Amino acid sequence: MEHDTPYFFCGIGGSGMLPLALIVHARGFAVAGSDRSLDQGRLAPKFEYLQGLGIRLFPQDGSGLTDPAQVLVTSAAVEDSVPDVVAARALGAPHLTRPQLLARLFNEAELPIGIAGTSGKSTTTGMLGWILERCGHRPTVMNGAVMKNFVRPESPFSSALVGDGPAFVAEVDESDGSIANYTPEIAVVNNIALDHKSMEELRRLFADFTAKARVSVLNLDNGETAALAAQLPAERVRTYSLSDPRADLLAQDTAPAPDGIGFLVREKSGQTVAVRLLVPGRHNVANALAALSAARAAGLDLKDAAAALGEFTGVRRRLETVGTRGGVTVIDDFAHNPDKIAATLSTLHDWPGRLLVMFQPHGFGPLRLMKDEFIACFAEKLGPDDRLVMPDPAYFGGTVDRSVTSAHIAQGIGRRALALGERAACGDFLVENARPGDRIVVMGARDDTLSQFAAEILARLKP
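Residues numbered from 1 in each chain as written. Predicted model: local features only at pLDDT ≥ 70, side-chain atom pairs only at ≥ 80, totals over all residues. Heavy atoms only, no water.

## Description of the nonpolar core
Inside soluble globular proteins, nonpolar side chains tend to come together where they are buried.
Move 1: F9, I12, L101 and F168 are the most contacted members of the largest nonpolar core, which totals 51 residues.
Move 2: Here this core gets seven residues from one element, more than from any other, and that element is helix α1 (residues 17–26).
Move 3: When residues no more than four places from it in sequence are discounted, the contact partners of I12 are M17, L18, A21, V31, A32, G33, S34, D35, F47, L50, I55 and L57.
Move 4: Of all hydrophobic cores here, the second largest spans 47 residues; its members include L132, F150, Y240 and F312. (Core = buried A, V, L, I, M, F, W, Y, C linked by side-chain atoms within 4.5 Å. Buried < 20%, exposed > 50% of the residue type's maximum accessible area, 1.4 Å probe, protein only. Helix = DSSP H or I, 4+ residues; strand = E, 2+ residues; numbered from the N terminus. Contact = heavy atoms within 4.5 Å.)

Spelled out as C-alpha cells, the structure:
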C-alpha cells in the first residue's frame, strides 16, 4: 500500500469500519470519512475522538470526495445510490469494500492470524491480542468490538491496536463471504452454526479458509469444526475441547463464579496450567482455549499465555454489566444468533434470579432464516419465570422481505414472550416489571444505540 494514498471511509463510525480506519491512520495514511449517525447528531464522543486524531469528517453527501486519488472504503452492504459512492464513481476514484481493504492489510503481514467462526470471534480476538501484547509481541489487532484492556483516556474506542510486531490478529467474517479473501498463517475456527448462510456454503467457506493456513485451531466440541479437523493433515491442526481427551488443549475442573470462571488447561504433552478468567461462562472457557491454542501455534509459552489471559477484562457488550440500581442489574450483550443467545442465557442461569430479556433482532433476513432456531433456543433457555420482550428488527433502509417478524418469534415461544413493536414500549415493560433480584438483559447487534438504551433503562429504575 502506497503511503501517500488518501482513504475515505463511508460509515466511519461503524463497528467494523472504525478500527480499520484507526489502523490505516496509525500507519501514516491520510484518512477522512462520513457517517449517517454523525449527520443525525448521534454518538458524538466517537466522532470527537476521530476528529481529535486529525481525521476529517464530512456529511454523507459526497462532499468529502474531491480527489480521484482518494480510495473510497465502504461496508459490503452499502448501496450504489449513497452520495459518497456516486461522487467516487464520478471522479473515477477507486472503491474498496471494508473486507477487501482488511484482507489486503492482513495478507501483507508477516504473521496473519485469522479468528473465524459463528460465535466468539470478538472475544477470542481480544484474548489473543492481549496475550500477544502482554507477552511483548506488539501485535496489530483488528476487532469488531472495543477491547477493555486497551481502553485508555486517549483511546476510548479501542477496537483496534497498532503494533510493530509480526502478528496481525483479525476477526474474519463469513457472513458476507469475505472470509475467502484472507490467507492466514494461523486460522482459528471456534464453531460453525447456522447464522447468515446455508450450512453447505458455510462448510465450503471454512474448509477453504483452513486449507490455506499453516496451522488451523479447531474446536472438537462443535460437530462441524471437529469434522473439519478430521479432514486436515494432523500436523496442521491444533484442537481444543472442554470434554474430549484427544484434544491438544483440554479444559478440566471448570469452576464458575459470578465474576469469572476458573479451570485447568492440560496440554497433550502433560503440562497443566491453572487459568482464572475475569469473564464468566463456559463459552469463554472455549474462547480461552482457542486463544491459548493460537498463542502456542505462534510459539508462545503456555504458562506465560495463561498468566496474561488471567488479566483479560473482556470486550464491550459481551455480558457487560451496565450497573445495578434498586437491586436490579442491567446487562448489555451482543448476542444475536441462537448459539450466542444460548451461551448468554446459560451463563446467567448459573446464578439465581429472574431474567427480563429484551432481544432486538439484527435484521429481517436473519429472523426469516433462523425463525425455528430462535424459537427453540428461547423456549429451551428461558427459565419458567423469565420474560422476553421484542421490538421490531433493526432496519437500516433498503428493500427487505418482512414476512417474518418479532411477533412470529414471540408467538412460537408462548406466554413468556411478548412482541411490542416499538423499542420504547419494550423499555417501559422492563422498567415497570423489574423487581429486586432481577437481571435485565439488553440483547442485539448492528445497532450502537442499544448500549445507550441499556444505560437509560438503568437510570429509570427506582433506587
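## Details of the environment of L18
Move 1: By the secondary structure assignment, L18 is in helix α1.
Move 2: Residue classification places L18 among the buried positions, given a relative accessible area of 4%.
Move 3: Put simply, L18 and A211 are 193 residues apart on the chain and 30 Å apart in space, counted from C-alpha to C-alpha.

## Topic: the pairing of strand β13 (residues 249–257)
Move 1: For strand β12 (residues 237–241) and β13, the ladder comprises two bridges, and the chain directions are parallel. Counted as the bridge partner of Y240 is L249 from β13.
Move 2: With seven bridges connecting them, β13 and strand β14 (residues 260–267) associate as antiparallel partners. Paired with A257 across the strands is G260, a residue of β14. (Pairing = 2+ DSSP bridges.)

## Focus on the sheet that holds strand β3 (residues 56–58)
Move 1: Taken in spatial order, the five strands make up an open sheet running β3-β2-β1-β4-β5, and their pairing is parallel. Looking at which strands have only one partner, the edges of the open sheet turn out to be β3 and β5 (95–97). On average, each strand axis in the sheet is inclined to that of its neighbour by 25°, with strand direction left out of account.
Move 2: Looking at chain direction, strand β1 (residues 7–10) and strand β2 (residues 31–34) are connected through four bridges and run parallel. Along β2, the bridge assignment pairs Y7 with V31.
Move 3: Strands in contact with α1 are β1, β2 and β4 (71–74); relative to β1, the strand with the most contacts, it is inclined by about 170°. (Axes fitted to C-alpha atoms, helices over the stretch in contact; angles between N-to-C directions.)

## Observations concerning the sheet that holds strand β18 (residues 355–360)
Sheets are built from strands paired through backbone hydrogen bonds, the pairs being either parallel or antiparallel.
Move 1: On the basis of which strands lie adjacent, the open sheet formed by six strands has the order β16-β17-β21-β18-β19-β20 and mixed pairing. With partners counted over all chains shown, the strands left at the sheet margins are β16 (320–325) and β20 (417–421), one partner each. With direction set aside, neighbouring strand axes in the sheet form an average angle of 20°.
Move 2: Bridging between β18 and strand β19 (residues 387–391) involves three bridges; their strand directions are parallel. Bridge pairing in β19 places L356 opposite R387.
Move 3: Along the sheet face, helix α11 (residues 338–348) touches β17 (328–333), β18 and β21 (439–444) and points at about 165° away from the line of β21.
Move 4: Of the strands in this sheet, β18, β19, β20 and β21 are in contact with helix α15 (residues 423–433), which crosses β19 at around 160°.

These results come straight from atomic positions and should not be treated as a statement about function.
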